[in-house]
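Here is what each chain is made of, one letter per residue.
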Amino acid sequence: MDVPTTTRSAPVGNESRQSIRVLLYSELLITDWFALIVGTIVPGVLLGTFHMRYSGFGAALALLPLFAIFGLNNGAYTIEVLRRPHEGVRRALMALTLAMLSILLVAFFLKAGDTLSRLTFIAQACLSAILLVAGRAVVQRHVRSLTKGRLVNELVITDGVDTVHGAQTLVVDAARLKLRPDALDPKMLHRFGTLTKGFDRVVVHCDPERRAAWALLLKGADVDGEILIEQFNEIGAIGISDFNGFDTVLVSRRALSLRQRAKKRVLDLAVAVPVLIGLIPVFAIVALAIKLDTPGPVLFKQDRVGRANRMFKVLKFRSMRVEESDSSGARSTERSDSRITRVGRFIRKTSVDELPQLINVLLGEMSLVGPRPHALGSLAGTDLFWEVDQTYWHRHRLKPGITGLAQIRGYRGATHERLDLTNRLQADLEYIEGWQIWRDVNILVGTFKVLVHRNAY
């Protein structure tokens, strides 16, 4: 295939596009709210009905949160509306319609007909709609000037083939970076996850015999991953796209959209911050007990596999003697494990040893709910986890969690057999594919039922 040979040597600025998109979503929401405030107040003032509950400030105060809820739910603040402004207008008008109908419904049930002017209500709806369209047109001009048509960060990885390039796209040579699609090398997967961090789209151009291996890596990297290809082959394609005039097959998508990630992060902080504050006395008592029981640090730190297969330091209360601690995690804990201290046995049985991971949540390295992070040396029987099933790496498309679907189903404790790992992996992948914020809430509630578990030791 005849392709261009020019490459870029300078990074593009990985986080810039996502930050710009968040800024533009905020501008859209503020502009929409301004349109609604003016659109509800002006008709009330002009028609002399501003004093009525549903024709003045009351209407504006009720309309703004309802509009935001409906707008966020129907995708009025997504990358699609930045690309297709007419679609954004349609979704905003739909949110307005639903919000206005909700106010009508509330007024009906409260029998508040005497506090609602029908003429004013119709005028408010019409003026708000006009101002919404006008406001979005103004923001769209800013979108074009700010993004220059580039809304996402793109990375191209070439492996043993001629280099392709695109406008403002970072192109890297896998050989120069000593990257290879080897799912049996966790350190290389960590470097691959670090390289792709912050990119929205990653395109790999490689020899046909290496496409399946690169596809496997992309599926675990939490990016929109594509393989540049002349014809279809068996690599698990989930869609067709193009890059700079060449066909690509889409082999992976981000597990969560920006809006979904924001919801999950808000839930994490809303729970973790007050819980951490409330548990300060518990932390102090456990720390004191650990220090009095055996010499050594209070916290145990260990490398674990996190989001996009990047490594991070997980925090736990130390439950083993320092000289016998297993930093690699190769040896599973046994029911009568001699390495565990007296205090350690209690805090492991009650899951108190996991509480410092709330700090990992605050740092953004973990989430409250997600696949449990594993150590590199973890074994299922006599095999390393990823040797049992290479789709194991796909579970890292989300941040690891303090608890997860596998844990509330009872899949915790030692992994003596390959089936122990397979059961957890299936639960983790099921959670990722069917993620919903309310499912996180249900899992958190379900976790309290299994804090003390027969497999916790």
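In short, a report on the structure.

Rules and cut-offs
- Residues numbered from 1 in each chain as written.
- Predicted model: local features only at pLDDT ≥ 70, side-chain atom pairs only at ≥ 80, totals over all residues.
- Heavy atoms only, no water.
- Helix = DSSP H or I, 4+ residues; strand = E, 2+ residues; numbered from the N terminus.
- Buried < 20%, exposed > 50% of the residue type's maximum accessible area, 1.4 Å probe, protein only.
- Contact = heavy atoms within 4.5 Å.
- Pairing = 2+ DSSP bridges.
- Core = buried A, V, L, I, M, F, W, Y, C linked by side-chain atoms within 4.5 Å.
- Phe/Tyr/Trp six-rings, centres within 6.5 Å; stacked < 30°, edge-to-face > 60°.
- Axes fitted to C-alpha atoms, helices over the stretch in contact; angles between N-to-C directions.
- Arc of directions from axis to C-beta.

Among the secondary structure elements, L93 is positioned in helix α4 (residues 85-109). Under the relative-accessibility criterion, L93 is labelled partly exposed at 29%. Distance from L93 to V133, taken between C-alpha atoms, is 8.3 Å for residues 40 residues apart in sequence. L93 has contacts with A129, L132 and V133, leaving out every residue within four places of it along the chain.

Attention shifts here to the side chain of S319. Within the fold, S319 resides in the loop between β8 (311-317) and α10 (342-349). Residue classification places S319 among the buried residues on the basis of a relative accessible area of 6%. Not counting the four nearest positions on each side in its chain, S319 is found in contact with R339, I340, T341, G344, I347 and R348.

In terms of burial, β8 is largely enclosed, as 5 of its 7 residues are buried. For strand β7 (residues 299-305) and β8, the ladder comprises 7 bridges, and the chain directions are antiparallel. Along β8, the bridge assignment pairs L299 with F317. Counting the residues that bridge the hairpin from β7 to β8 gives 5 residues, and of these A308 lies at a positive phi of roughly 60°.

If you look at the biggest cluster of nonpolar residues, it comprises 34 residues, and the most contacted ones within it are L155, I157, F192, W214 and L218. Where this core is concerned, the elements lending two or more residues are β1 (154-159), β2 (170-173), α6 (186-196), β3 (201-206), α7 (211-219), β6 (246-252) and α12 (385-388). Ranked by residues supplied to this core, first place goes to α7 with 5 residues.

In this section: the packing of aromatic side chains. If you walk through the whole model with that rule in mind, you get 5 aromatic pairs. Each ring, one from F192 and one from W214, has its centre 5.8 Å from the other, and the planes form 50°; the classification is tilted. Of this pair, F192 sits in helix α6 while W214 sits in helix α7, placing them 22 residues apart in sequence. Neither F192 nor W214 differs from the other in exposure class; each is buried. Each ring, one from Y392 and one from W393, has its centre 5.4 Å from the other, and the planes form 70°; the classification is edge-to-face. W393 matches Y392 in its accessibility class, with the two residues each being buried. Among the aromatic residues, ring-to-ring pairing joins F385, W386, Y392 and W393 into one connected group.

Looking at the element boundaries, D32 is found in helix α1 (residues 16-46). Residues within four places of D32 in sequence aside, it is in contact with F67, Y77, L132 and R136.

This part covers the sheet that holds β1. Across a sheet, strands are paired by hydrogen bonds formed along the backbone, either parallel or antiparallel in direction. Spatial ordering of the open sheet is given by β2-β1-β3-β4-β6-β5, a layout of 6 strands whose pairing is mixed. Both outer strands of the open sheet, β2 and β5 (239-243), are each paired with one neighbouring strand and no more. Taken pair by pair, the neighbouring strands of this sheet meet at an average axis angle of 30°, ignoring direction. Taken together, the 5 bridges between β5 and β6 define a ladder with antiparallel strand orientation. Bridge assignment links D242 to a residue of β6, and that residue is D247. In the packing of α6 onto the sheet, the strands contacted are β1, β2 and β3, and the crossing angle to β1 comes to about 140°. Docked against the sheet, α7 engages β1, β3, β4 (224-228) and β6, running at close to 170° with respect to β4.

All right, on to α10 then. Three or more residues of α10 are buried, namely V343, G344, I347 and R348. In a view along the axis of α10, the buried residues occupy a sector of 125°, so they form one face of it. Looking at α10, the residues exposed on the side facing more than 90 degrees away from the buried face are R342 and F346. In this structure, the buried residues of α10 make contact with α9 (280-293) and β8.

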